[in-house]
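Examination of the molecular architecture
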Amino acid sequence: MSRYLYFKYNNPLINIVLLSAAAIIAILVFAKMPYQAYVPAKDIMTFLLGPATVALAVPLYRNRYLLRQYGTAIFIGVGIGTLVSMATVLFITRAGGLAREIIVSIIPKSSTIPFAVDVAQLAGGNSALAVAFVVATGTFGSVIGLTLLSWFKIYDPVTRGLAMGTVSHGQGTAMALMEGEQQGSMAGVAMALAGVFTSVLAPVLIACFVD
């Protein structure tokens, strides 16, 4: 239903993840169903994330020539994008005087949850906060990302895909894939590279500017 509404009205606010989550929450509240009763359903959907992620290899394989054509630019672009994302949030949180635990937990926000949780925990952050920041970042980016790129007249499918995958990880990749196969394949590459760059660069930033 969320997918149908998104394609019918083509409105960024009708975001599949946001709308689906809101519908599930509304149903649980209306039915007065405790979270514990919902856990089995959550576990099923979490399990399906694995096959869904692996399935991203299909559009990537079909567009593998893009990796040969733009390989170096993709690697450098995602690396810079990941660094700028972390450095920006580091500057803002430090300027705002937030506690170290919060700063460490929010720095890896643009990587997927497994990367973000490990980075946060190893640096003394809070895994629950890290997950919350990752989900919030992905949702926000998936809602406004493509629209923002269009406002700045960025229409190249490779660029749009890389931007969504670098900043908004899995949720951004899902939206990019809905826009086109090239966008989705490049977003998948960017999501994976951003996770690796986060694992390497985040500890350095934390050691230099937080500890």
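The sections below set out a description of the structure shown in this document. (Residues numbered from 1 in each chain as written. Predicted model: local features only at pLDDT ≥ 70, side-chain atom pairs only at ≥ 80, totals over all residues. Heavy atoms only, no water.)

1. Here we look at the overall build of the chain
A count of helical and extended segments in the chain gives ten helices and zero strands. Against the compact-globule benchmark of 17 Å for 211 residues, the chain has a radius of gyration of 18 Å, which places it among compact chains. Once the C-alpha set of the chain is aligned to its principal axes, its extents read approximately 50 × 45 × 30 Å. Partitioning the contacts of the chain with sequence separation of at least 6, the portion at a separation of at least 24 is 65%. When the accessible area of the chain is evaluated, it comes to approximately 11,800 Å², of which 73% is carbon and sulfur surface. Mean positive and mean negative side-chain charge positions of the chain (12 and 7 charges, respectively) differ by 8 Å. (Helix = DSSP H or I, 4+ residues; strand = E, 2+ residues; numbered from the N terminus. Rg over C-alpha atoms; globule rule 2.2 N^0.38 Å. Contact = heavy atoms within 4.5 Å. Areas by Shrake-Rupley, 256 points an atom, 1.4 Å probe, with all protein chains shown as cover. Lys, Arg positive; Asp, Glu negative; His and termini not counted. Charge placed at Lys NZ, Arg CZ, Asp CG, Glu CD.)

2. Some details on the nonpolar core
Counting residues in hydrophobic clusters, the biggest one holds 13 residues, and the most contacted among them are Leu90, Ile107, Ile206 and Val210. When contributions to this core are tallied by element, the ones reaching two or more residues are helix H5 (64–95), helix H6 (100–106) and helix H10 (181–209). (Core = buried A, V, L, I, M, F, W, Y, C linked by side-chain atoms within 4.5 Å. Buried < 20%, exposed > 50% of the residue type's maximum accessible area, 1.4 Å probe, protein only.)

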